[in-house]
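Given next are the chains, with one letter for each unit.
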Amino acid sequence: LIELLELARKQDSSYLSKLEDLKTTHLTAINELLGGKNTSELIQKLETDISGIRDVLKAVSLSRSYSEPTMELIAGHGELWSARQLNAYFIANGLACRCLDAREVLIVTAGETGPVIDWKTSREKLENWIKADPTSLIVITGYIASTPDGVATTLKRNGSDYSASIFGALLDSSSITIWTDVDGVLSADPRRVPEAVVLDEMSYQEAVELAYFGAKVIHPHTMAPAL
């Protein structure tokens, strides 16, 4: 999605075909996940999003520039599409489930070290959203949020893990599980210490220190809401 913005900024018309390729990828995923059944609403939302993105990219191409809010608006669609598809898959398999676009409830402002969460407002909005239909299972988008003015934004780099801990805190969860591409937090950098091992458990403080000093599996921001 960010590549499409760059292509449009350079007035490289290949952004149009690449956008169509992206749509085809998601249409294929939708049909494979749901076996071609009950896909109309999901496909309609995807078509609407793609049309909106196409309009934004055309404006970027004409002006040869784009702002950070524009980038964040476009980049957030990946989270929306994957969350909607997972939600639809759960429903197709008989689970009562709802999908929450985090931009409806998660309010952030810009801070010196990254987004600052408006915990009070976000909690109130989330509680009201749940009260409207208290379904037990909710699929929530990661990474994306809104400003107090309602402008789409993101939680920046490592924002998906950060989202997990934010919503864990907002929902008063007993635990937060983050799935990643490694087995866990290692006792040392395995590139420097070949005998490094995965730690079975550690305190929050230890995890924060390891994150601060560069352990890639956990970002320092992610730990704060968990604490």
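Figured I'd write up the structure that's included with this text. (Residues numbered from 1 in each chain as written. Predicted model: local features only at pLDDT ≥ 70, side-chain atom pairs only at ≥ 80, totals over all residues. Heavy atoms only, no water.)

Concerning the side chain of His77
Argument step 1. Mapping His77 onto the fold places it in helix α5 (residues 77-92).
Argument step 2. With relative accessibility at 9%, the residue His77 sits in the buried group.
Argument step 3. A polar contact is formed between the side chain of His77 and the backbone oxygen of Leu73, at a distance of 3.1 Å.
Argument step 4. In this structure, His77 is in contact with Leu1, Asp49 and Ile53, ignoring residues within four places of it in sequence. (Helix = DSSP H or I, 4+ residues; strand = E, 2+ residues; numbered from the N terminus. Buried < 20%, exposed > 50% of the residue type's maximum accessible area, 1.4 Å probe, protein only. Polar contact = N/O pair within 3.5 Å; in protein donor to acceptor, adjacent residues only side chain to side chain. Contact = heavy atoms within 4.5 Å.)

Focus on the pattern of salt bridges
Argument step 1. Within this structure, the stated rule accounts for 14 salt bridges.
Argument step 2. Note that Glu68 is salt-bridged to Lys156, the shortest N-O span being 3.5 Å. Taken together, the positions of Glu68 in helix α4 (residues 68-75) and Lys156 in the loop between β6 (152-154) and α7 (159-170) put the pair 88 residues apart, joining distant regions of the chain.
Argument step 3. Given the relative accessible area of 47%, Glu68 is considered partly exposed. (Salt bridge = Lys/Arg side-chain N within 4 Å of Asp/Glu carboxyl O.)

Re the packing of aromatic side chains
Argument step 1. For the structure on display, the rule yields 0 aromatic pairs.
Argument step 2. A cation over an aromatic ring shows up here: Arg98 above the ring of Trp129, its NZ or CZ 3.6 Å from the ring centre. (Phe/Tyr/Trp six-rings, centres within 6.5 Å; stacked < 30°, edge-to-face > 60°. Lys NZ or Arg CZ within 6 Å of the ring centre and 35° of its normal.)

Structural notes on the environment of Asn31
Argument step 1. Looking at the element boundaries, Asn31 is found in helix α2 (residues 14-34).
Argument step 2. The class of Asn31 is partly exposed, set by a relative accessible area of 34%.
Argument step 3. Counting along the chain gives 12 residues from Asn31 to Ile43, while the straight-line C-alpha distance between them is 9.3 Å.
Argument step 4. For Asn31, the contacting residues outside a window of four places in its chain are Gly36 and Thr39.

Brief notes about the nonpolar core
Argument step 1. One finds Leu57, Leu106, Ile117, Leu155, Ile166 and Phe167 to be the most contacted residues of the largest nonpolar core, which totals 35 residues.
Argument step 2. Those elements that provide at least two residues to this core are α1 (2-9), α2, α3 (40-63), α4, α5, α6 (119-132), β5 (144-146) and α7.
Argument step 3. When neighbours within four sequence positions are excluded, Leu106 is seen to be in contact with Ile117, Ser122, Ile144, Ala145, Ser146, Leu155, Ile166, Phe167 and Leu170.
Argument step 4. Val185, Ala211, Val217 and Ile218 belong to the second largest nonpolar core, which has 6 residues in total. (Core = buried A, V, L, I, M, F, W, Y, C linked by side-chain atoms within 4.5 Å.)

Focus on the pairing of strand β3 (residues 114-117)
Within a regular strand, the side chains alternate between the two sheet faces.
Argument step 1. Of the strand pairs in this sheet, strand β2 (residues 108-111) and β3 are connected by 4 bridges, and their pairing is antiparallel. Of the residues in β3, the one forming a bridge with Thr109 is Val116.
Argument step 2. Between β2 and β3, which follow one another and run antiparallel, lie 2 residues. (Pairing = 2+ DSSP bridges.)

Some points on α1
Argument step 1. When we look at burial in α1, the residues that qualify are Leu4, Leu5, Leu7 and Ala8. In a view along the axis of α1, the buried residues occupy a sector of 165°, so they form one face of it.
Argument step 2. Where α1 is buried, its residues meet α2, α3 and α4. (Arc of directions from axis to C-beta.)

Topic: the packing of α3 against α5
Argument step 1. The N-to-C vectors of α3 and α5 enclose an angle of 175°; their axes lie 11 Å apart at closest approach. On the basis of their axis angle, the class for α3 and α5 is roughly antiparallel. Seen from α3, the contacting residues are Leu42, Lys45, Leu46, Asp49, Ile50 and Ile53; seen from α5, they are His77, Trp81, Arg84, Gln85 and Ala88.
Argument step 2. Considered class by class, the residues forming the contact of α3 with α5 number 6 nonpolar, 2 polar and 3 charged. (Axes fitted to C-alpha atoms, helices over the stretch in contact; angles between N-to-C directions. Parallel < 35°, antiparallel > 145°, perpendicular 65-115°, else oblique. Nonpolar A, V, L, I, M, F, W, Y, C, P; charged D, E, K, R; others polar.)

Some thoughts on unusual backbone geometry
Glycine aside, a negative phi is what most residues show, and trans is what most peptide bonds show.
Argument step 1. Phi at Arg64 takes a positive value of approximately 60°, unusual for a residue other than glycine.
Argument step 2. Along the chain, Arg64 falls in the loop between α3 and α4.
Argument step 3. Taking the relative accessible area as the measure of exposure, Arg64 reaches 55% and is therefore exposed.
Argument step 4. With a phi angle near 55°, Asp172 is a residue other than glycine that sits in the positive phi range.
Argument step 5. A residue is classified by how much of its surface remains accessible, and Asp172, at 61% relative accessible area, is exposed.

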